[in-house]
Amino acid sequence: MKHINFLIVEDSPLDFIICKSILEKHYSFYANIIAVTSLGAAISEINRDDKVYNIVLLDLNIEDSRGIATLKVFSEKCSVPIIIYSAVSDKKLIDQAILHGADGYIIKGEDSPQIMIENINHALENSKFIAERKAGKLVG
């Protein structure tokens, strides 16, 4: 298994620890996990020339951004899969997130670690297609 670079955008220390422990348990030595707490920091991190991320776990309500606007702004800057990691379980918001480019949606405290891993694996398996779609080469 190759190394997987995760960017976690989460401003709750407890939620970050939970997420990180799930990733480390499943991906063990193959996970390289970087965390940021704001949209501005996430955009800076994803645009680094010396670091390539494979997947982003994005909370919608963070220090400097709230709701679907967080995803809209971030997805414009990001060509890798984005999975929403949020405590909000509203069906309308989930549908909006998928419509605006999320490649999965995990509900904190409700979805099991297995659901999280399945979402991540699915996005990683389809990452080439996702990157092409986000670059505007494919319609979908």
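From a predicted model like this one, the values you see are computed outputs, not experimental measurements.

*Asks:* It is not clear to me how the overall build of the protein chain should be interpreted in this structure. Could you clarify?
*Replies:* The helix and strand inventory of the protein chain stands at six helices and five strands. Radius of gyration (C-alpha) of the protein chain: 14 Å, near the 14 Å computed for a compact globule of 140 residues. Expressed as a percentage of the 140 residues in the protein chain, the buried residues total 46%. Nonlocal contacts in the protein chain, meaning residues at least 24 apart in sequence, comprise 66% of its contacts between residues at least 6 apart. Carbon and sulfur atoms provide 54% of the accessible area of the protein chain, an area that totals close to 7,500 Å². Looking at charge distribution, the protein chain has the averaged site of its 15 positive side-chain charges lying 5 Å from that of its 19 negative ones.

*Asks:* Hey, could you run me through unusual backbone geometry in this one?
*Replies:* The general pattern is negative phi for most residues beyond glycine and trans for most peptide bonds. At Ser28, a residue that is not glycine, the phi angle is positive and equals roughly 40°. Structurally, Ser28 is set in the loop between helix H1 (13-27) and strand E2 (31-36). Judged by its relative accessible area of 37%, Ser28 is partly exposed.

*Asks:* Sorry, what's going on with the pairing of strand E5 (residues 104-107) here?
*Replies:* Both faces of the sheet carry side chains from a regular strand, because those side chains alternate between them. Alternating positions in E5 separate into two faces, Gly104 and Ile106 on one and Tyr105 and Ile107 on the other, with burial throughout. In this region the chain leaves strand E4 (residues 82-86), passes through helix H4 (residues 91-99) and returns to the parallel neighbour E5; the handedness of that crossover is right-handed.

*Asks:* Just to check I follow, could you spell out helix H2 (residues 39-46) for this structure?
*Replies:* Side chains of residues three or four places apart in an α-helix project in the same direction, reflecting 3.6 residues per turn. Within the sequence span of H2, burial applies to Leu39, Ala42, Ile43, Glu45 and Ile46. Along the long axis of H2, the arc covered by the buried residues comes to 165°, so they all point the same way. Taken together, the buried residues of H2 touch strand E1 (4-9), E2, strand E3 (55-58) and helix H3 (68-77).

*Asks:* Could you clarify how one ought to interpret the sheet that holds E5 in this entry?
*Replies:* In any sheet, the strands associate via hydrogen bonds between backbone groups, in a parallel or an antiparallel arrangement. An order of E2-E1-E3-E4-E5 is seen for the five strands of this open sheet, with the pairing classed as parallel. The open sheet terminates on both sides in strands that have one partner only, identified here as E2 and E5. Taken pair by pair, the neighbouring strands of this sheet meet at an average axis angle of 20°, ignoring direction. Pairing between E1 and E2: six bridges, direction parallel. Looking at E2, one finds that Ile8 is bridged to Ala35.

Quick notes on the rules
- Counting from 1, residues in each chain are numbered in the order their sequence is written.
- Whole-chain, interface and lining totals are the exception, using all residues; otherwise, since this is a predicted model, local features are given only for residues with pLDDT of at least 70 and side-chain atom pairs are given and counted only at 80 or more.
- Each side-chain value is worked out from all heavy atoms of the structure, with water and hydrogens disregarded.
- For helices the rule is a DSSP run of H or I covering at least 4 residues; for strands it is a run of E covering at least 2, with both sets numbered from the N terminus onward.
- Radius of gyration means the value over C-alpha atoms here, while the globule rule gives 2.2 Å times the residue count to the 0.38 power.
- Throughout this description, buried means an accessible area under 20% of the type-specific maximum (1.4 Å probe, protein chains only), exposed means over 50%, and partly exposed covers the range between.
- Contact criterion: two residues are considered in contact whenever any of their non-hydrogen atoms come within 4.5 Å of each other.
- Note on areas: Shrake-Rupley with a 1.4 Å probe; residue coverage comes only from the protein chains shown.
- In this tally Asp and Glu are treated as negative and Lys and Arg as positive; neither His nor the chain ends contributes.
- In plain terms, the charge of a residue is placed at NZ if it is Lys, CZ if Arg, CG if Asp and CD if Glu.
- Handedness of a crossover is defined as follows: with both strands directed away from the viewer, a clockwise route from the first strand across the helix to the second makes it right-handed.
- An arc is given here, and it is the one of the directions from the helix axis to the C-beta atoms.
- When DSSP locates at least two bridges between a pair of strands, those strands are taken to pair.
- Working convention: axes come from line fits to C-alpha atoms, limited for helices to the stretch in contact. Angles between N-to-C directions cover 0 to 180 degrees.

As far as function goes, none of this settles anything; it's purely spatial.
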